[in-house]
Structure formats: C-alpha cells, structure tokens
Amino acid sequence: MPRARNILAELAEGRSAVQELDTEPRGLLTVTAPAAFGRLHVAPAIASFLQRHPLIEIDLHVSDDVVDLSARRVDVAVRAGVLPASDLVATHLAGMNRVVSASPAYLERHGWPKSPEDLLNHQCLTVNGRVPPRGWWRFQGVNDYQPLPVKGNLRCDDTDSLLHAAIAGAGIVHMANWLASDAIVSGQLVPVFPMLPIERDPAPRRDPNEPAIHAVHMPGRSNQGKAQLLIRHLKEYFGSPAYWDLAMEAAGAGERRAP
C-alpha cells in the first residue's frame, strides 16, 4: 500500500538524512509550488529557510501544472488539494478549506445570503476554461454535496484574479482559506457564512480524500536530507494551526454576520 511504503521510506530517509546533515547543508534544491500558494506562502517561507541555511541554493518554480518529479528532477513539490495514490513520500503541511466571502460593498448592494441555496440568486465568480478546484460551491447537507449550479457575469481561469474582482465588488467567491485570509483580515472581504472551527488536534485523523497542503518528494534521492530539512521548515513556518487560519480567528472573521 502507498501509505505503508511512505512510512518505510520516511524511516530509511530519516537515517540517511542524519548522516547527510552532519555538516552544514549546502547545494541546490529544486522546488515547485502552485502559483498563488507559491507566491503568497512558499516564497516567504523559503526566504526564511535560506537565512538559516545560506549555503543552500533553491530553484523555485511556481506553476499550477503538476510536474513529474523524476522527469524534471524536482526535489520537493508543494501541492494543494487531494493527493492521488503514488509512491511519492508525502508530508502534511496544513489543512485546507474554502470560505464563501464577498466585499462589504457587494453585500450592501445585493443583500446577504442566509444559506448556500441563496447563492443561486447572486453574482458568483466562477472558474472558466478548466475543471474547477475540488470543493468549489459544495456544502455539507446541500445538493447531495454536489456543486451548486451558481452563475455570475464574470468567469476567469485564474483564481487570484477572481479574488481581486471580489474585493472590487464584482460578486461572491468560494476561495481557499490560505488565499482569502489576507483580504478577510483586512476587511476587504467578509465571510458570508460561519467559518469552520480551526483544527487544533496535534495528530488528527485525516481523510485522504479531503483537500490539504502537502509536500511530496521521491524516496532515495541524493538530496533527501536537504529536502527533508526544507519540508520540516515549511511545516514549522506554516504552523499548526496554519498562520492564515489563526489570523482570521484573531480578526474575529468567523463571527461576522449579516446585519
């Protein structure tokens, strides 16, 4: 089973990594990350990592393409969503959920949805030209957990652009927590429905079919010690709970309600 192979690979790599990192780590690491998550969260984390380990060089590629780690000689890939079964060694970095939000100006003009079904009567900003991200416009206990057939007069193939359109008042978005957090904390967007409670269990039982942020790497690579060093830093930098969730909680975002 992939999970059993992951555990064995992690044990073997742990022993090798200790030997490899007896001296100051140095050399090149190739890293990939999704475009928006890479810009917002991975790049700052890597900057912090390089301050700790100045002899390491990192070649960072941000793209929403899922690359073949072997063919592209990638040491660490950060991936958002549901991981397919594979022989890659995966490390859970942070949870991921989606937040329905809109600008205060939009809600003042068009009213506040009281339930997910009310979204059918609003301008909802949707993805165009590709399969929408997993979980978009799905809600527990609504429409048999199938996506609601929301509509709007703006569609885009870039979620970051949809976020900025929502901030400008164009409609309602259903964004990942890590993407919407800054706008919600600043008050540019307001959560429309109560937000999910933050997961604080240090070792939760995770459903492999639920979206999350992972770091994956190939077992047996010569750079595995440095790769694991970076992965541990990413996990520490993001925190548990993740800093973007804590920021929204501290801002009281989950307590905002319709007037």
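Criteria and cut-off values
- Residues numbered from 1 in each chain as written.
- Predicted model: local features only at pLDDT ≥ 70, side-chain atom pairs only at ≥ 80, totals over all residues.
- Heavy atoms only, no water.
- Pairing = 2+ DSSP bridges.
- Helix = DSSP H or I, 4+ residues; strand = E, 2+ residues; numbered from the N terminus.
- Contact = heavy atoms within 4.5 Å.
- Axes fitted to C-alpha atoms, helices over the stretch in contact; angles between N-to-C directions.
- Buried < 20%, exposed > 50% of the residue type's maximum accessible area, 1.4 Å probe, protein only.
- Right-handed = clockwise from strand over helix to strand, strands pointing away.

Colleague: Where do I start with the sheet that holds strand β5 (residues 98-102) in this structure?
Modeller: Within a beta sheet, neighbouring strands are joined by backbone hydrogen bonds and run either parallel or antiparallel to one another. In space, the three strands of this open sheet follow the order β8-β5-β9, with antiparallel pairing throughout. This sheet does not close on itself; its edge strands, each paired only once, are β8 (173-176) and β9 (190-191). Along the sheet, helix α5 (residues 177-186) makes contact with β5, β8 and β9, crossing β8 at roughly 110°.

Colleague: Teacher, can you tell me more about the sheet that holds strand β3 (residues 76-81) here?
Modeller: Across the sheet, five strands lie side by side as β2-β1-β3-β10-β4; this open sheet has mixed pairing. Each edge of the open sheet is held by one strand with a lone partner, namely β2 (56-62) and β4 (89-95). Across the sheet, the mean angle from the axis of one strand to that of its neighbour is 20°, orientation sign disregarded. Direction of pairing for β3 relative to strand β10 (residues 212-217): antiparallel, over a ladder of five bridges. Bridge pairing in β10 links V78 to A215. With respect to the sheet, helix α2 (residues 35-52) is in contact with β1 (27-33), β2, β3 and β10, its orientation differing from that of β2 by roughly 175°.

Colleague: I'm lost on the pairing of β1 in this one. Help?
Modeller: One face of the sheet, then the other: side chains in a regular strand alternate in exactly this way. Among the seven residues in β1, five count as buried, and that is most of the element. Here seven bridges tie β1 to β2, and the two strands are oriented parallel to one another. Each bridged residue has a counterpart across the sheet, and for L29 the counterpart in β2 is I58. The handedness of the β1 to β2 crossover, carried by α2, is right-handed. One ladder, built from two bridges, connects β1 with β3; its direction is parallel. Residue pairing across strands places V31 opposite V76, the latter belonging to β3.

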